[in-house]
Amino acid sequence: MAFSAWVAVLIAGLWFALRPIDRSSGRFFFLPPRWAEWLDFNDWVVNFAAFGLFAWLTMMVFGGDSRRWVALLAALLIGIGILFIEYLQGGIPGRSVDMRDVIMGIAGAVTGAVVGSLQGGRKRGLRAET
């Protein structure tokens, strides 16, 4: 189940990040207008939450026994992916490169990887005691 969620978040995230934006409908066309407008001006929240969720799911799917190394690798690879996505957005109509997005995306990825690592470690500890 976690792997299916991981794939779904990956595909949805890439679609959302790399599609051209029609300014008439906006990025968040599926939300009520007030929320959409707020998120348009504060899209760092979306970056933090999306990459945090993706890193957490990565830990749930690929964490295994070596959680520290997986957390470090996940945060590093997701950070590189964030930079690459921002680079690609520079050539997509309606998109721009924003260092705030990079910083908040990396902060979200690190937070998600740490939370996933701690959560997995706690589960391992509980299993060992029972």
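In this numbering scheme, every chain counts its residues from 1 along its sequence in written order. Only residues with pLDDT of at least 70 are given local features in this predicted model, and only at 80 or more are side-chain atom pairs given and counted; all residues enter the totals for whole chains, interfaces and linings. Side-chain figures throughout are based on the complete set of non-hydrogen atoms in the structure, without hydrogens or water.

> How do you make sense of the overall build of the protein when you look at a structure like this?
Numbering of helices and strands runs from the N terminus; a helix is a DSSP stretch of H or I covering at least four residues, while a strand is a stretch of E covering at least two. Counting its regular elements, the protein contains five helices and zero strands. Each helix (α) and strand (β) of the protein, taken in turn from the N terminus, gives the series α-α-α-α-α. For accessible areas, the Shrake-Rupley method is used with a probe of radius 1.4 Å. Any residue's cover is judged against the shown protein chains and nothing else. On the protein, roughly 8,300 Å² of surface is accessible, and the fraction owed to carbon and sulfur atoms is 71%.

> I keep staring at the side chain of arginine 95 and nothing clicks. Help me out?
With respect to the element layout, arginine 95 can be found in the loop between α4 (67–89) and α5 (99–129). Classification of residues uses two cut-offs on accessible area relative to the type maximum, computed with a 1.4 Å probe and protein chains only: under 20% is buried, over 50% is exposed, and between them is partly exposed. When charges are counted, neither His nor the chain ends are considered; positive counts come from Lys and Arg and negative counts from Asp and Glu. We define a salt bridge as a side-chain nitrogen of Lys or Arg found within 4 Å of a carboxyl oxygen belonging to Asp or Glu. It is aspartate 43 that comes nearest to the buried, bridge-free arginine 95 among opposite-charge side chains, at 6.1 Å. What qualifies as a polar contact is a pair of N or O atoms within 3.5 Å, subject to a donor-acceptor requirement within protein and to the restriction that residues adjacent in sequence count only when both atoms come from side chains. There is a polar contact of 3.0 Å between the side chain of arginine 95 and the backbone oxygen of alanine 17. Note on definitions: a residue-residue contact is assigned when non-hydrogen atoms from the two residues lie within 4.5 Å. Excluding residues that lie within four positions of it along the chain, arginine 95 makes contacts with Phe16, Ala17, Leu18, Arg19, Ile21, Arg27 and Gln89.

> What exactly am I supposed to notice about the layout of surface pockets here?
Empty space among the atoms becomes visible once a probe the size of a water molecule is rolled across them. Only protein atoms enter the 1 Å grid, on which a cavity is a set of points fitting a 1.4 Å probe that cannot get out and a pocket is an open set with protein on both sides within 12 Å along at least 5 of 7 lines, lining residues being those with an atom within 4 Å of a point. Grid points are joined across faces, edges and corners, and a volume is the space filled by probe spheres set on the points. Considered as a void within the structure, the largest pocket measures approximately 880 Å³ in volume. Lining the largest pocket are 36 residues, and of these Gly13, Ala17, Asn47, Phe51 and Ile85 sit closest to its centre. Looking at the lining of the largest pocket, the elements that each hand over two or more residues are α1 (2–18), α3 (44–62) and α4. Ranked by residue count, the leading element in the lining of the largest pocket is α4, at ten residues. Residue composition of the lining of the largest pocket, by class: 22 nonpolar, seven polar and seven charged. Three classes are used: nonpolar for Ala, Val, Leu, Ile, Met, Phe, Trp, Tyr, Cys and Pro, charged for Asp, Glu, Lys and Arg, and polar for all others, with Gly counted as polar.

> What is the right way to read the nonpolar core from this model?
Soluble globular proteins: nonpolar side chains tend toward being buried together. Counting 15 residues, the largest nonpolar core has Phe51, Ala55, Met59, Ile78, Ile82, Ala109 and Ala113 as the members making the most contacts within it. If you list the elements that add at least two residues to this core, you get α1, α3, α4 and α5. Among all residues touching alanine 55, those that are not within four sequence positions of it are Ile78, Ala109, Gly112 and Ala113. Buried residues of nine kinds, namely Ala, Val, Leu, Ile, Met, Phe, Trp, Tyr and Cys, make up a nonpolar core once their side-chain atoms join them within 4.5 Å.

> Help me out: how do you make sense of the packing of aromatic side chains in this one?
Any aromatic ring pair is given by two values, namely how distant the centres are and how the planes are angled relative to each other. Pairing of aromatic side chains requires ring centres within 6.5 Å, counting the rings of Phe and Tyr and the six-membered ring of Trp. Pairs whose planes differ by under 30 degrees are stacked, by over 60 edge-to-face, and all others tilted. Inspection of every chain in the model, using the stated rule, returns four aromatic pairs. When the ring of tryptophan 6 is compared with that of phenylalanine 54, the centres are 5.5 Å apart and the planes differ by 20°; the resulting orientation is stacked. Of this pair, tryptophan 6 sits in helix α1 while phenylalanine 54 is found in helix α3, placing the two residues 48 residues apart along the sequence. The exposure class of tryptophan 6 is buried, given its relative accessible area of 15%.

> Teacher, can you tell me more about the side chain of glutamine 89 here?
In this structure, glutamine 89 sits in helix α4. Look past the residues within four positions of glutamine 89 in its chain and what remains in contact with it is Ala17, Arg95 and Ser96.

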